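# Chains, contacts and geometry: an overview
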Amino acid sequence: AGKSMVFLADGMGGHRAGNIASEMAVTDLGTAWVSSEIETVNQVREWFAEHLEAVNRRIHLAGQDDEHKGMGTTLEALAFVEGQVIYAHVGDSRIGLIRQGKYQQLTSDHSLVNALLRAGQITEEEAEVHPNKNIITRSLGQTNEVQADIQALELQAGDIILMNSDGLTNMVSTTEIMEVLEREDLTLDNKSEALIRLANEHGGLDNITVVLIKFEETSEAETQAQEVS
């Protein structure tokens, strides 16, 4: 069917519990995707709705004992079907589009600080240094039914998708990210490594995961994922 999917999950609830939650999400969804018969954008939307809720319930149940209390994970998922990317977003990791030298953030953080910012209660400058910056308002593993943002985008040749955990964007500005991505002397793989190195040089206070995907005319998506703890 020529279908492909990429996941990014950033776990929370203590190091071990967070690792378990993120691994459950990626493993469960990956296994379900491989065995699915998906050919259209609408089928991907339905698949997301069904399987994100299933993994949400599973992580929530696993988090009932004391050792794993409150564990959960953010999730970014990208599916490439019919020349489009369909993406699902839960939490404060991000998906961005780089098209013709410009960066556009496709997702809106599910975080307390972003809610305050959108309500006009704080400024962007205040949001940058807010003490509750790490509090997220949606995740997989919660009691309530998961509310994922699911969108589709028509791709153009040369488009690059950047998917990253907050460990990158809390440390590196959009301008700095674009300076790396526009370098013609670096491969896609080198660029993801350079972004992680930059985040670490700026303090590297969190796990940093970066996924870069370049869309070619042939609808083959070239993917490079880098993760550093």
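Residues numbered from 1 in each chain as written. Predicted model: local features only at pLDDT ≥ 70, side-chain atom pairs only at ≥ 80, totals over all residues. Heavy atoms only, no water.

The next subject is the overall build of the protein chain. Helix and strand counts for the protein chain stand at 7 helices and 11 strands. In terms of overall dimensions, the protein chain is globule-like: its C-alpha atoms have a radius of gyration of 17 Å, near the 17 Å expected for 229 residues. Once the C-alpha set of the protein chain is aligned to its principal axes, its extents read approximately 50 × 45 × 35 Å. Counting across all 229 residues of the protein chain, residues that qualify as buried make up 48%. If you take every contact in the protein chain between residues at least 6 apart in sequence, the share linking residues at least 24 apart comes to 66%. (Helix = DSSP H or I, 4+ residues; strand = E, 2+ residues; numbered from the N terminus. Rg over C-alpha atoms; globule rule 2.2 N^0.38 Å. Buried < 20%, exposed > 50% of the residue type's maximum accessible area, 1.4 Å probe, protein only. Contact = heavy atoms within 4.5 Å.)

In the structure shown here, the tally under the stated rule is 2 aromatic pairs. With 5.8 Å between their ring centres and 65° between their planes, Trp 47 and Phe 48 make a pair best called edge-to-face. Of the two residues, Trp 47 and Phe 48, both sit in the buried class. Here the aromatic residues Trp 33, Trp 47 and Phe 48 are joined through ring pairs into a cluster of three or more. (Phe/Tyr/Trp six-rings, centres within 6.5 Å; stacked < 30°, edge-to-face > 60°.)

Quick look at unusual backbone geometry now. Of note, Glu 82 is a non-glycine position whose phi angle comes to about 55°, a positive value. Mapped onto the elements of the fold, Glu 82 is located in the loop between β4 (75-81) and β5 (84-90). Given the relative accessible area of 48%, Glu 82 is considered partly exposed. Of note in the backbone geometry, Gln 100 takes a positive phi value of approximately 50° without being a glycine. Judged by its relative accessible area of 74%, Gln 100 is exposed.

Let's shift gears to the sheet that holds strand β1 (residues 4-8). An order of β1-β4-β5-β8 is seen for the 4 strands of this open sheet, with the pairing classed as antiparallel. Of all strands in the sheet, those bounded by a partner on one side alone are β1 and β8 (149-154). Between one strand axis and the next, the sheet turns by 15° as a mean value, whatever way the strands run. As judged from the 6 bridges shared by β5 and β8, these two strands associate in the antiparallel manner. If you follow Ala 88 over to β8, its bridge partner there is Ile 150. Where helix α1 (residues 15-34) meets the sheet, it contacts β1 and β4, and its direction lies at approximately 170° from that of β1. Those strands touched by helix α2 (residues 41-62) are β1, β4, β5 and β8, and its axis lies near 20° from that of β5. (Pairing = 2+ DSSP bridges. Axes fitted to C-alpha atoms, helices over the stretch in contact; angles between N-to-C directions.)

Enumeration over the complete set of coordinates arrives at 8 salt bridges. Between Arg 57 and Glu 53 there is a salt bridge whose closest N-O contact spans 3.7 Å. A residue pair is termed a helical-turn pair when its members lie 3 or 4 positions apart in one helix, as Arg 57 and Glu 53 do in helix α2 at 4 residues. With a relative accessible area of 47%, Arg 57 lands in the partly exposed category. The exposure class of Glu 53 is buried, given its relative accessible area of 12%. In this structure, the salt-bridge partner of Arg 99 is Asp 159, at a minimum N-O distance of 2.7 Å. Pair noted here: Arg 99 is in strand β6 (residues 94-99) and Asp 159 is in the loop between β8 and β9 (160-164), with a separation of 60 residues, a long-range link. (Salt bridge = Lys/Arg side-chain N within 4 Å of Asp/Glu carboxyl O.)

In this section: the nonpolar core. Of all hydrophobic cores here, the largest spans 28 residues; its most connected members are Val 44, Trp 47, Phe 48, Ile 59 and Leu 75. Mapped by element, the contributors of at least two residues to this core are β1, α1, α2, β4 and β5. Filtering out sequence-adjacent residues up to four positions away, Ile 59 remains in contact with Ala 21, Met 24, Ala 25, Met 71, Gly 72, Thr 73, Leu 140 and Gly 141. Membership of the second largest hydrophobic core comes to 21 residues, among which are Met 171, Leu 188, Ala 199 and Leu 212. (Core = buried A, V, L, I, M, F, W, Y, C linked by side-chain atoms within 4.5 Å.)

Compared with an ideal rise of 1.5 Å per residue, which puts 14 residues at 20 Å, helix α7 (residues 188-201) spans 20 Å between its outermost C-alpha atoms and is within 8% of the ideal. Turning to α7, its buried residues number three or more, namely Leu 188, Lys 191, Ser 192, Ala 194, Leu 195, Ile 196, Leu 198 and Ala 199. (Expected span 1.5 Å × (residues − 1).)

Below, the discussion takes up the pairing of β9. Across the 5 residues that make up β9, a large majority, 5, are buried. Side chains of β9 alternate between two faces, with Ile 160, Leu 162 and Asn 164 and Ile 161 and Met 163 buried alike. Where β6 meets β9, 5 bridges bridge the pair, whose relative direction is antiparallel. In the sheet register, Ile 98 faces β9, and the bridge partner there is Ile 160. The pairing of β9 with strand β10 (residues 208-215) spans 5 bridges and is classified as antiparallel. Counted as the bridge partner of Ile 160 is Lys 214 from β10.

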